[in-house]
Amino acid sequence: MNDTAALTTRLSEFLALQNHKHFIHGAYQSGSTDQQIAVINSATEDVIGRVSLGSADDVDAAVASALKAFHHASPWRRMSPDDRGKILYRYADLIEEHTETIAQLVTLENGKLIKDSRSSDAGGAAKTFRYYAGWTTKIEGETLDLSQPQKGGKQNFALTRREPIGVVAAVVPWNFPVSIASWKVAPALAAGCTVVLKPSEETPLSALLLAELAIEAGLPPGVLNVVTGDGATTGAALTSHPDVKKITFTGSTHTGKLIGKAAMENITGVSLELGGKSPAVVFDDMIDQAETAKGIAAGIFRNQGQVCVAGSRVYIQKKSFDRVLTDICHAGESMKISHGFDETADLGPLVSKSHLQTVQAYIDQGKKDGAQLLSGGRNPMEKGYYMQPTVFSATDHQQTIIEEEIFGPVLVAVPFDDLEDALEKANDSSMGLAATVWTQDISKAMTMINRLQAGVVYVNSPVRSDPNLPLGGYKHSGIGRELGKTGVYNYTTLKSVNIVF
Ligand code: NDP
């Protein structure tokens, strides 16, 4: 029961199209086949539109358009960095102006709370485009002193320059469909690349809207293309395309491995931002018990737990275990569960029926393996794909719900003795995306920072993203980092030059 009466005019017009096409070379283009995918509202289970299932031919057309737009004679490549930056600033402003339209669309297709769609997706994307607009004028190489002897009294001057790498394939998941797309598209465009974006089949509509806004911002046709479809057909065709020079992927470790293999077939550059099973470590000397419990709850239950950096394992020092856990359960139980358009809701539905079934299966497995279910564990609603904030307590560390990413609002709490025990447990994972540490002892915090095997460590706060803070993982959580300066350099290739004179 969404309040669809309040949809913006722009969104109503967009949704009225019903059958959405690919966005190639600055305009909507029909797919080469009639195959479509239904986009479902996960709160009402209604179909809100259909998108084309992109074939290899559709992917070819999009890559050809991006390649043409990357050509040396194209307006994008000929543009000065300052002019490119102006377009990206305008794009950021347009995204911000259309916050409500983007947020409503994300909530419709993903189910997440409208306040999160506003702040994380629309707001996050605007910030990211603005941040990278500033980078267009700051991409630089180096001058280098060489040791090569020069014959005949000649001299030399050596330098490196960074050049845009070429056509970028951006493959993104459904959990933050707009902001994660911006983490890839914004730096790629800032570097001078052109992009083909493949959104998840669960959340393809917001990507199409982003492409419309890009044209309105003044991006030349072909610089940003969107091909909708599934992973097995469309995603695979895009990531194995020989004209793609860089693949940037966010998604599961399983898909990341497939994409890594496809990339190596064509010797294509690849960045993989993959799954996580991030630990939160709470010491007895935490600053404030209530604030810590709230932070742990926010770290796992935000966005229904569908967050790559979610703190899904919490290790609590023995003396504090029971009381902190009681507060965490209380925080979860106080959350209002409702549809995404309810401004007072704290937790919305999961993205899809199949994802809810996956999360439910993990909860059942946890019970079977002997973990103690303390709170939540079921869908409390008659309609929609909801899951209560769920908390388990466990002592045996070798359990499926401790080892595997659930990607739902499910937390497992385990007690620990001392710092060494906490580190051993926290690092005992095939993944290493993020970690949080809760203590007021700076030397303890620094030891944890030094020794945690995680790409991102926050102290006394749940993990949050920022355009200037690189994000990426150790171990099976990925290869490479996005965001920050390193984010834009991902889309450049280095040319070494030596001038002998
Ligand atoms: P998937 O790996 O299933 O899908 C991610 C994207 O890849 C989707 O667009 C999907 O398309 C596409 N895809 C699927 N199969 C292929 C294939 N064979 N070739 C090319 N593309 C393919 O992940 P989810 O969508 O389920 O996203 C959740 C995962 O993403 C979690 O593991 C989470 O941890 C991770 N994630 C990581 C982040 C990070 O920064 N490290 C941030 C956010 C999420 P389709 O959906 O249409 O099948």
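Residues numbered from 1 in each chain as written. Predicted model: local features only at pLDDT ≥ 70, side-chain atom pairs only at ≥ 80, totals over all residues. Heavy atoms only, no water.

Of all 7 residues in strand β17 (residues 410–416), 7 are buried; the element is thus mostly enclosed. Bridge analysis of strand β14 (residues 311–317) against β17 gives 5 bridges, and the strand direction is parallel. Of the residues in β17, the one forming a bridge with Gln-317 is Phe-416. The pairing of strand β16 (residues 390–393) with β17 spans 4 bridges and is parallel. Counted as the bridge partner of Ser-393 is Ala-413 from β17. (Buried < 20%, exposed > 50% of the residue type's maximum accessible area, 1.4 Å probe, protein only. Helix = DSSP H or I, 4+ residues; strand = E, 2+ residues; numbered from the N terminus. Pairing = 2+ DSSP bridges.)

Whenever strands of a sheet pair, they do so through backbone hydrogen bonds, lying parallel or antiparallel. Ordered by their spatial adjacency, 3 strands build an open sheet running β1-β5-β4, and the pairing between neighbours is mixed. Two strands close off the open sheet at either side, each with one partner strand: β1 (19–20) and β4 (36–40). In the sheet, β4 pairs with strand β5 (residues 47–52) via 5 bridges, with the strands oriented antiparallel. Counted as the bridge partner of Ile-40 is Val-47 from β5. Most of the contacts of helix α8 (residues 205–217) go to β5, to which it runs at about 65°, and overall it touches β1, β4 and β5. (Contact = heavy atoms within 4.5 Å. Axes fitted to C-alpha atoms, helices over the stretch in contact; angles between N-to-C directions.)

Once that is clear, we can look at the domain arrangement of the protein. The domain boundaries assigned to the protein delineate domain 1 (9–274 + 478–497) and domain 2 (279–467). Counting from both sides, the interface comprises 31 residues of domain 1 and, opposite them, 31 residues of domain 2. Taking both sides of the interface into account, the surface hidden between domain 1 and domain 2 amounts to around 2500 Å²; carbon and sulfur atoms contribute 58%. Among the residues of domain 1 in contact with domain 2, Ser-42, Leu-113 and Trp-174 are the three that bury the most area, contributing 22% of the side total. For the interface between domain 1 and domain 2, the tally reads 1 salt bridge. A salt bridge links Arg-118 to Glu-343; the shortest N-O distance between them is 2.8 Å. Elements supplying a minimum of two residues to the side of domain 1 that touches domain 2: α5 (99–110) and α6 (114–135). The element contributing the most residues to the side of domain 1 that touches domain 2 is α6, with 9 residues. In terms of residue class, the side of domain 1 that touches domain 2 is made up of 12 nonpolar, 11 polar and 8 charged. (Domains from an automatic or database assignment. Buried area = accessible area lost by both parts, 1.4 Å probe. Salt bridge = Lys/Arg side-chain N within 4 Å of Asp/Glu carboxyl O. Nonpolar A, V, L, I, M, F, W, Y, C, P; charged D, E, K, R; others polar.)

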